[in-house]
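Each chain is listed here by its residues.
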Amino acid sequence: MARRAVKIVENLSIVDIAQKGMCIAKDPEGQVYLLKGGVPGDIVSARIRRKKKGMPFGDVTEITTQSPDRVEPFCQHFERCGGCKWQDLDYSAQAHYKEKQVHESIRRIAHITDYEARPIIKAERTREFRNKLEYTFSPRRWLSQEEVDSGDTFTDRRALGFHLSGAFDRILDVDKCHLMSPKHNDLRNAARELGRQLEISFYEPHSHLGILRNLMIRENTAGEMMVALIVSDMLDGLAERYLQPLIEQFPEVVSWHYIVNGKVNDSMDGLESVYYHGDTHLYESLGDRRFQISPLSFFQTNSYQAVSLYDQVRQYAALSGSEVLYDLYCGTGSIGIYLADGATTVIGVEINEAAIIDAKANAKLNELDHTQFYAGDVLDVVDDKFVKDHGAPDVVVIDPPRAGMHQDFAQFIKELSAPRIVYVSCNPSTLARDLALLEPRYKLESCTPVDMFPHTSHTEAVALLTITS
């Protein structure tokens with residue numbers, strides 16, 4: 001069968017950024033292209049691979065004129081890693097396009113224009129801002145095309161790094177990542193070298209053979225760390241052989257755990273962490289609140305910017321001290337706990353039982369006796385009797401997953417009839433869709449984008465809605 005001819009298109013101007021960090025480009029005749037690579041302001045050539053929803057889709061092959069917003073990436077793994085795809089775009093420009101994406105989604109999808117479109121809250125820290133990273137062991141690190149073409153023999157390819165985008169079995173060996181403090185790089189590299197020295201097998205996903213699977217590292221803003229080692233089997237003496245030398249080498253790690261994952265995938269669902277050494281939890285402070293974090297807890301990944309996000313939620317909630325606050329999709333209860341001083345009652349509901357256990361523990365840690373957390377589907381838990389027993393909400397905070405709200409939940413929210421809703425979103429498109437679902441019962445008053453993840457296309461937003469009738 002004849003191979004399809006490769007089509008190269010020249011003189012494309014990149015004019016905007018689309019979903020998932022893709023770029024929108026136009027040719028001189030106005031034809032629109034969706035491209036991987038490049039930044040707004042670049043003039044490029046591209047290889048067109050196919051059409052996607054009627055739009056030519058391809059990859060940038062050459063940058064003929066560089067954008068004034070283009071900067072030199074600071075990470076040696078840029079392009080190969082695929083995590084921080086916007087490192088070559090000036091941070092102010094990143095923030096501009098994220099802000100634009102949120103407000104354009106609201107106008108284009110929800111057809112809402114009459115609201116306060118606030119500027120994005122930029123991140124003060126654009127490096128070393130994450131509090132959690134997870135790495136994967138591999139017996140065969142991924143080789144770049146340059147390495148393959150070199151003809152060199154790579155006898156030891158054992159690796160500890162990140163999955164390449166879209167590839168469960170290709171691991172980029174990481175030497176230095178800028179997303180957490182330098183201490184975590186030392187720890188990760190030492191963990192890889194120790195595994196090599198001790199000849200402990202690295203897990204291979206096709207054969208499902210090997211012991212060392214993943215390494216999870218958490219770090220709080222005080223510089224204390226937690227480590228969870230994920231293995232396929234905790235062999236006799238493995239903890240003493242492998243973890244003990246790391247414990248002695250890294251005193252800043254205050255909490256050590258291991259997790260046995262005998263499944264064929266890396267999902268943590270249904271797994272339990274086993275405490276091994278040090279403190280049972282890692283503790284983090286957000287504002288005047290303190291939170292305990294276990295290895296499998298969900299916690300906002302950027303502690304520094306989480307304060308900005310929660311402060312914006314508090315501003316929109318406008319609590320005076322006399323309100324009943326419902327925190328729906330509450331996770332570990334961090335938003336409700338952060339806002340608790342302004343309410344007479346805080347009610348949190350979350351389907352994940354483990355998260356509710358954490359929420360109750362964190363409420364106790366902060367000596368809050370007017371918070372209550374319930375595990376279950378909101379549509380099952382919050383019925384007429386529940387509202388009668390706990391009081392009708394004056395303010396509802398909604399923080400759904402990326403997929404947003406189900407239509408039944410949107411109808412439930414309208415019937416709940418809280419005077420104010422604060423919607424926290426990690427997906428501008430589903431935020432806009434859900435705002436349309438809540439109309440005309442609720443009116444969008446204001447929306448503030450918040451940049452939680454510099455150098456990526458991900459954007460959070462906080463929206464304030466008020467009841468109309």
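Notes on the structure in this doc start here.

Cut-offs used in this document
Residues numbered from 1 in each chain as written. Predicted model: local features only at pLDDT ≥ 70, side-chain atom pairs only at ≥ 80, totals over all residues. Heavy atoms only, no water. Buried < 20%, exposed > 50% of the residue type's maximum accessible area, 1.4 Å probe, protein only. Helix = DSSP H or I, 4+ residues; strand = E, 2+ residues; numbered from the N terminus. Pairing = 2+ DSSP bridges. Right-handed = clockwise from strand over helix to strand, strands pointing away. Axes fitted to C-alpha atoms, helices over the stretch in contact; angles between N-to-C directions. Contact = heavy atoms within 4.5 Å. Expected span 1.5 Å × (residues − 1). Polar contact = N/O pair within 3.5 Å; in protein donor to acceptor, adjacent residues only side chain to side chain. Salt bridge = Lys/Arg side-chain N within 4 Å of Asp/Glu carboxyl O.

Describing the pairing of strand 12 (residues 253-260)
Buried residues dominate strand 12, accounting for six of its eight residues. By the bridge criterion, seven bridges tie strand 11 (residues 225-231) to strand 12 in an arrangement that is parallel. Following the sheet pairing, V227 is matched in strand 12 by W256. Considered for its hand, the β-α-β crossover made up of strand 11, helix 4 (residues 238-249) and strand 12 is right-handed.

A word on the sheet that holds strand 10 (residues 212-219)
Strand order in the open sheet made by the seven strands is 9-8-7-10-11-12-13, with mixed pairing throughout. Here the strands that pair on one side only, and so sit at the sheet edges, are strand 9 (171-173) and strand 13 (273-278). Averaged over all neighbouring strand pairs, the angle between strand axes comes to 30 degrees, with direction disregarded. Across five bridges, strand 7 (residues 132-138) lies against strand 10 in antiparallel orientation. Each bridged residue has a counterpart across the sheet, and for K132 the counterpart in strand 10 is R218. Packed on one face of the sheet, helix 3 (residues 182-197) meets strand 7, strand 8 (159-163), strand 9, strand 10, strand 11 and strand 12 and runs near 160 degrees to strand 10.

Observations concerning helix 1 (residues 91-110)
Over its 20 residues, helix 1 extends 28 Å from the first C-alpha to the last, a length consistent with the 28 Å expected when each residue adds 1.5 Å. The secondary structure elements touched by the buried residues of helix 1 are strand 1 (7-17), strand 6 (116-117), helix 11 (428-438), strand 21 (442-450) and strand 22 (460-467). By the N-cap criterion, in which a side-chain oxygen at the helix start approaches the backbone nitrogen of a residue two or three places on, helix 1 is capped by D90, the distance to S92 being 3.1 Å. Phi turns positive, to about 60 degrees, at H111, one or two residues after helix 1.

Let's talk about the pattern of salt bridges
Should the charged atoms of two oppositely charged side chains come close, the side chains can pair. A full pass over the atoms with the stated rule returns 21 salt bridges. Here R70 ties to D42 by a salt bridge, and the two come within 2.4 Å at their closest N and O atoms. Remark: D42 occurs in the loop between strand 3 (32-36) and strand 4 (43-52) and R70 occurs in the loop between strand 5 (55-65) and helix 1; sequence separation between them is 28 residues. Accessibility assignment for this pair places R70 and D42 in one class, buried. We note a salt bridge from R192 to E193, for which the minimum N-O separation is 3.5 Å. Overall, the relative accessible area of 5% leaves R192 in the buried class. With relative accessibility at 31%, the residue E193 sits in the partly exposed group. A cluster of three or more residues bridged by salt bridges with shared partners is formed by D156, R158, D173, R192, E193, R196 and E199.

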